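# Overview (structure and organization)
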Amino acid sequence: MIVVRQWMIKPLKKTTSRWVRSSCALVFLALLTACNPTELTPQNARSNVITNDGSFDNKAFIYDESPSILGGPNLGPAKVSMTPFLLREAKTITPNQNLTANCEMFFFNTPVKLEECIYGLSKASGTTQPLPRRADRTYIFPTNSPEFFQVNALYHISQATSTFFRKLSYAYSQSQQLLGLGVPKAIPYYLMSSRLFWFKALSSTDQRLFKNDYLTAYAQCEDGLASFDPAGPTICLGTLEDFPGFYTVQDPSVIYHEMGHAFVSVMMNLRNGTSGVSYHPFRTNLGSFGYDEAGSLNEGIADYYSYVMNARERFGEFALGRTVRQARPLTESDSLHPIPTLAESAEGRLSYPQYVLYDPNNPDDNVEDIHYAGQIVSHYLVALTKSLRSDCGYSRDRDGGHDRATSVTMLILSETLAELGDLNARGIDNGTVPLAGSNFFVNLDATSSYLWTQYNNPINYRRFFQTFAKNINKFVSYYNPAANRTGLCPDFTKNKSEKLLDDYGLLLFRTYNDNGTSTKSRAINYLSEVPGLGVSSVALTSVSENNRRKSVLISKQLIDLATRTDENPDRSSYYLVDSGSDIQEFLQALLFKGFPVPLSPNAAGTVYNNNNVKISPGEVVGIIPNLLNNSNSTMAGVQILATDWDHVHITDRSSGTFSPCVVDSFTTVDQGGEQGLTCADPTESTYRRLVRGADNLFPASAAAPVCLVLLEEGERSRWVSQNEFRKKQGLNLLDKDCLGYSTTATSDADFSFNPHECLARFLPGANEAFFSKIDSQKTYYESVIKESAQSKFNVGNLLLLEVNKWIPPGTKFRCRLRARFSNCSDCYTDGTNANDDFIDAEYNGARAFKVINFEFDVND
Amino acid sequence: MTRRSLLLSSILVALLLGGAALYLSLRPVPVATGPTPSPKASAKLRVDVDRLQVNGLRVVGLAPGRERDQLRTLSVVNRPSPEWEEGLLSTFRAQGGQAIKQMNLKKVDSFVWIHDGLALFVESVIVSLKGDQNRETTFRVLVDAQNGKILQHWDQPIVESPNPRENFRIKLDPRYHEE
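Residues numbered from 1 in each chain as written. Chains lettered and ligands numbered in written order. Predicted model: local features only at pLDDT ≥ 70, side-chain atom pairs only at ≥ 80, totals over all residues.

Of regular secondary structure, chain A possesses 18 helices and 28 strands. For chain A, with 860 residues in total, the buried portion stands at 59%. Sequence separation of at least 24 residues holds for 70% of the intrachain contacts in chain A that already meet a minimum separation of 6. (Helix = DSSP H or I, 4+ residues; strand = E, 2+ residues; numbered from the N terminus. Buried ≥ 20, exposed ≤ 12 C-beta atoms within 10 Å, placed from the backbone. Contact = placed C-beta atoms within 7 Å.)

Once that is clear, we can look at the overall build of chain B. When you go through chain B residue by residue, the secondary structure sums to three helices and nine strands. Each helix (α) and strand (β) of chain B, taken in turn from the N terminus, gives the series α-β-β-β-α-α-β-β-β-β-β-β. Counting the 179 residues in chain B, one finds 32% classified as buried.

Another aspect to go through is the domain arrangement of chain A. Think of interface size as the accessible area that goes away when the parts come together; that is how it is often given. Residues and elements named next belong to chain A. What the domain assignment lists for chain A is domain 1 (100-547) and domain 2 (561-644 + 760-857). If you average the C-alpha positions of domain 1 and of domain 2, the two centres end up 30 Å apart. Counting residues at the interface gives 35 residues for domain 1, matched by 34 residues for domain 2. Elements with a contribution of two residues or more to the side of domain 1 that touches domain 2: α12 (449-456) and α13 (461-477). (Domains from an automatic or database assignment.)

Another point: the nonpolar core. All names here are of chain A. If you look at the biggest cluster of nonpolar residues, it comprises 287 residues, and the most contacted ones within it are L154, A217, I235, L237, L627 and L798. For this core, the leading source of residues is helix α4 (residues 146-176), giving 13 residues. Lining this core are residues from two domains, each supplying at least three of them: domain 1 (100-547) and domain 2 (561-644 + 760-857). (Core = buried A, V, L, I, M, F, W, Y, C linked by C-beta atoms within 7 Å.)

Further remarks concern the packing of helix α8 (residues 293-310) of chain A against helix α10 (residues 370-391) of chain A. Residues and elements named next belong to chain A. Where α8 contacts α10, the two axes come as close as 7 Å, and the packing angle between them is 50°. Put simply, α8 runs oblique to α10. Note that α8 runs across α10; the crossing there is right-handed. Contact with α8, carried on its side by G295, S296, L297, E299, G300, I301, D303, Y304 and Y307, involves I370, H371, A373, G374, Q375, I376, V377, S378, L381 and V382 of α10 and no other residues of that element. Residues that form the contact of α8 with α10 fall into these classes: 10 nonpolar, seven polar and two charged. (Axes fitted to C-alpha atoms, helices over the stretch in contact; angles between N-to-C directions. Parallel < 35°, antiparallel > 145°, perpendicular 65-115°, else oblique. Left-handed = near helix turned anticlockwise from the far one by under 90°. Nonpolar A, V, L, I, M, F, W, Y, C, P; charged D, E, K, R; others polar.)

Next up on the list: the confidence of the model for chain A. Fine structural detail should not be taken from predicted coordinates in areas where pLDDT scores are low. All names here are of chain A. The predicted model of chain A averages 90 in pLDDT, with 92% of residues at 70 or higher. For the stretch residues 24-48, pLDDT sits under 50, and the model shows 36 contacts to residues farther than four places along the chain or on other chains. Every residue in residues 201-209 scores below 50 in pLDDT, and together they form 22 contacts with partners more than four places removed in sequence or on other chains. (pLDDT = per-residue confidence, 0-100.)

Each side of the interface is counted separately: chain A has 94 residues, and chain B has 80 residues. Residues belonging to the side of chain A that touches chain B are distributed by class as follows: 43 nonpolar, 32 polar and 19 charged. For strand β6 (residues 226-229) of chain A and strand β8 (residues 158-160) of chain B, the ladder comprises three bridges, and the chain directions are antiparallel. Directly across from F228(A), in β8(B), lies its bridge partner I158(B). (Pairing = 2+ DSSP bridges.)

All names here are of chain B. Spatially, seven strands are ordered β1-β2-β3-β4-β5-β6-β7 in an open sheet, and the strand pairing comes out mixed. Each end of this open sheet is capped by a strand with a single partner; those strands are β1 (47-48) and β7 (150-154). Strand direction decides the pairing type here: strand β5 (residues 118-131) and strand β6 (residues 136-144), joined by nine bridges, are antiparallel. Note on β6: the bridge partner recorded for S124 is L142.

The strand order across the open sheet built from six strands is β3(A)-β4(A)-β5(A)-β7(A)-β6(A)-β8(B), with neighbouring strands paired in mixed fashion. Lying at the two open borders of the sheet, with one neighbouring strand each, are β3 (100-107) of chain A together with β8 of chain B. When the angles between neighbouring strand axes are averaged without regard to direction, this sheet yields 15°. Here β3(A) runs beside strand β4 (residues 110-121) of chain A; their pairing, made up of seven bridges, is antiparallel. What sits directly across from F106(A), in β4(A), is P111(A).

Another point: α8(A). For α8(A), with 18 residues, the first-to-last C-alpha span of 26 Å sits near the 26 Å given by 1.5 Å per residue. With 17 of its 18 residues buried, α8(A) lies for the most part within the structure. (Expected span 1.5 Å × (residues − 1).)

Our focus in this paragraph is the pairing of β5(B). Residue and element names in this part refer to chain B. Most of β5 is tucked away: 11 of the 14 residues are buried. Pairing analysis gives 14 bridges linking strand β4 (residues 100-115) to β5, with the strands arranged antiparallel. Across the sheet, the residue bridging to L105 is V127, located in β5. If you look at the hairpin formed by β4 and β5, you'll find two residues sitting between the two strands, and D116 has a positive phi there, around 55°. What sits between β5 and β6 in their antiparallel hairpin is a turn of four residues, with Q133 showing a positive phi close to 55°.

Residues and elements named next belong to chain B. With 75% of its residues at a pLDDT of 70 or more, chain B shows a mean pLDDT of 81. For chain B, per-element mean pLDDT is lowest for helix α1 (residues 3-26), which scores 55, and highest for β7, which scores 96. Throughout residues 20-42 the model reports pLDDT below 50, and contacts reaching past four residues in sequence, or to other chains, amount to 26 contacts. With pTM at 0.91, the complex prediction returns an ipTM value of 0.91.

What follows deals with the environment of N109(A). Relative to the helices and strands, N109(A) is located in the loop between β3 and β4. As for N109(A) and L527(A), which are separated by 418 residues in sequence, their C-alpha atoms are 31 Å apart.

Residues and elements named next belong to chain A. Here the bond from G76 into P77 is cis, since omega is 15°, no more than 30 degrees from zero. Residue placement: P77 occurs in the loop between α3 (67-71) and β2 (91-92). In this structure, N835 is a non-glycine residue whose phi angle is positive, near 65°. Its location among the elements puts N835 in the loop between β27 (812-820) and β28 (850-857).

A few words now on helix α9 (residues 317-324) of chain A. Burial analysis of α9(A) places eight of its eight residues in the buried class, the great majority of the element. Once α9(A) ends, the next one or two residues include R325(A), with phi positive near 50°.

Okay, here's the thing in structure tokens:
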């Protein structure tokens, strides 16, 4: 609609001089060319300067790009008026009478609508009531006012959401077409009834899953640049103290990025509710505190969503670029990349793991951060989209194929995340209904699935891209006319897909792990649960090794703790942080990142920390294992776990006393190790911690805490459980004096207490560490920290160890940590079973890991 | 003995006694062992096998296909108590200390959770914390409904830092690589 402003120049006709009249008219016209009706509205005064004849109902004037895109790269960031950047045509904001948006997703041709699924507000400290529509039935508020930004935020969030629903509808329809073809898929048919395509959950129990059943969008938050909070759920678009008058909401690409996080959260949980009454009590998250590959994937996908929305190959030009020089490119051709060898070619890709620490704005500085590592993901996804455009004939579309290609990519993403995030642990359904049998096909089982998705088999680059590649093969590349099915684009072949992954160093697997084995037994596959699939067998698809050029796989035997040698006299096996103030600061940082760490004030605390770089009674210390890469290639995505695992044989069910299994050459039979009995059995298929059951007995087999203690008995020393040690060593500690024992004012019962971590334990919430990469023949410190400008460790590098204040000095501990990495040749498969991946139960033991023996004495 | 030397002797004795008392109070002293608290026999629970509920609450973690059999012999070892809230808040206080300015708990669900071979009454809670330096966070926890012990936590916020170099990091103790 064009707004004609004849009424504004009417008074000029009264001037007597034609020359003056013409000049004034020209000046006014010149001024008005950059204007629109909102500009004509005085601040906080009347806004009905337009005559709303109904054509402006529910509309407002919006900016569709940031000032950097519309006004030039040198504009801003502080106090930029949005006036010159408003579209000439008013856009519909919402049909509602307040600033809320509705959601609608189509399931084939059936729409499912969620009223008021998004609330647009200003700031958390302000009103919780959405802004009402103006009396003139428009949402036109004074430009640059808080109301104006709320309207613009809701507009862009609604755009992002409706695009997401359109693409998820497409994914749903493609996925359901596989029903009856013998092909398993993850997006559930019952999504329409579970309504988990949005945060609005099961209609009768919304309050059980979320704080609110709508997404709250704050346009001008007081807290930081931007955030997504899944527990709200809340999107927060903030500001930066150093740039008064700058608001994140001015940059729609960042709004799309934050909405990308929201959609990742939705996609990961598509399978976690099955009907109006059945849902899993947890939700899956992609990422932890500090650096990890799950968080990097989340950032990369969120950057990609910005590309989905605006088709531009750079993200955050204004909000990140003009403030802190941190805009991010999405393709290798972007001029932000200062490295001339980067190019959109097989050789020039931003490949893993070479570029995991790469900041294009400061290419000489190594910084471990999920946004930098996520660039590999975003570059790959954009490259895939471009390949689909060219190989699938989409480029002939009016938009160059952007919409169709991004829809296919979002299909693959949603299928992948739905499967990997399945806490009901099935991964597939029995046609249109959930599986009901006793077998599980992803994430071990419904009871331990959260532990598996976050710790034991978390989503790293290998696991994600293996599943992603499987879904490309299933939905896009598949070609088998005899089976009456071809994929969406058979011209984008399996070979092309593998080559593109390899160009990015992401061909980190040897098979597609697509033979449907159960999580607990290799002898069972999903055909036993879904006989109606109509196929008699499921084959394992292998990667063509000819396509592997860049993606180097390394044996786990080549990673270990560093040791001091003549050639490297300053190498440390680990770094210890025992300054009370540093640890307290770290604990606070963890808490405000949403990671509660339950300390044991009865037995330990930072008040005992003495900053002597040794482990003393009562301390809470940070441990940073300094891992050494003995191979000739770079290791990446290194995870070290201090969580309980199946490494002991329980000898007495009344006390839970155990003998450690012999898993390496460190703990031998002579030192109290056990080789036979339950240690010789396959790993426990059910995860259960070593705590007393309702029958007052410990289980016959269980996952035990990692730290053993050395018990001296006459001539013999043996590694034993901490429970045995405290009883035999005469410590006479009550349970309530142990670490991890919770009591209240009136009750001293703690039924989930584990007495086998009474003396030393890695704290829950800080019992996993992650390291971006370790260069060939170097330690982690030498590869990353020493080379960085700050020489500081990422918070994700630390394990927190709590030490009981009653431990006699001189007590020796051995903690059996488990390490693995993403480009590992034998951490996920050992070459048997045609390179099929380990089943989930095997991640409960030693087989998939290199056991790292971390030893320490307690000093006085 | 002069009055002055008597005074000095008294001060010395007092100091010695005080020092000894301080030493004894700080020195780790073995505590007499006692019986390990054991799960109490379950009081009468209202088990609804058809609805798979205990005391009107759903039961999460039953083995598929064996739900009813499992429920018939289920023993829930803890008992809900309003003290869970204080227990949970004290956990946050121990971790966050003075940095916490405001804590809000919103209970959103109660159920029986079977995990680690134990059935526990649990509360699912949304936690909101406000701290110094405009720090805020919201996340979710599952806690023991009797003592507030955290059994699981999830749904942490994703916070965009403007410049990753300014994120909180741990400095290396200079004693490790002294020249």
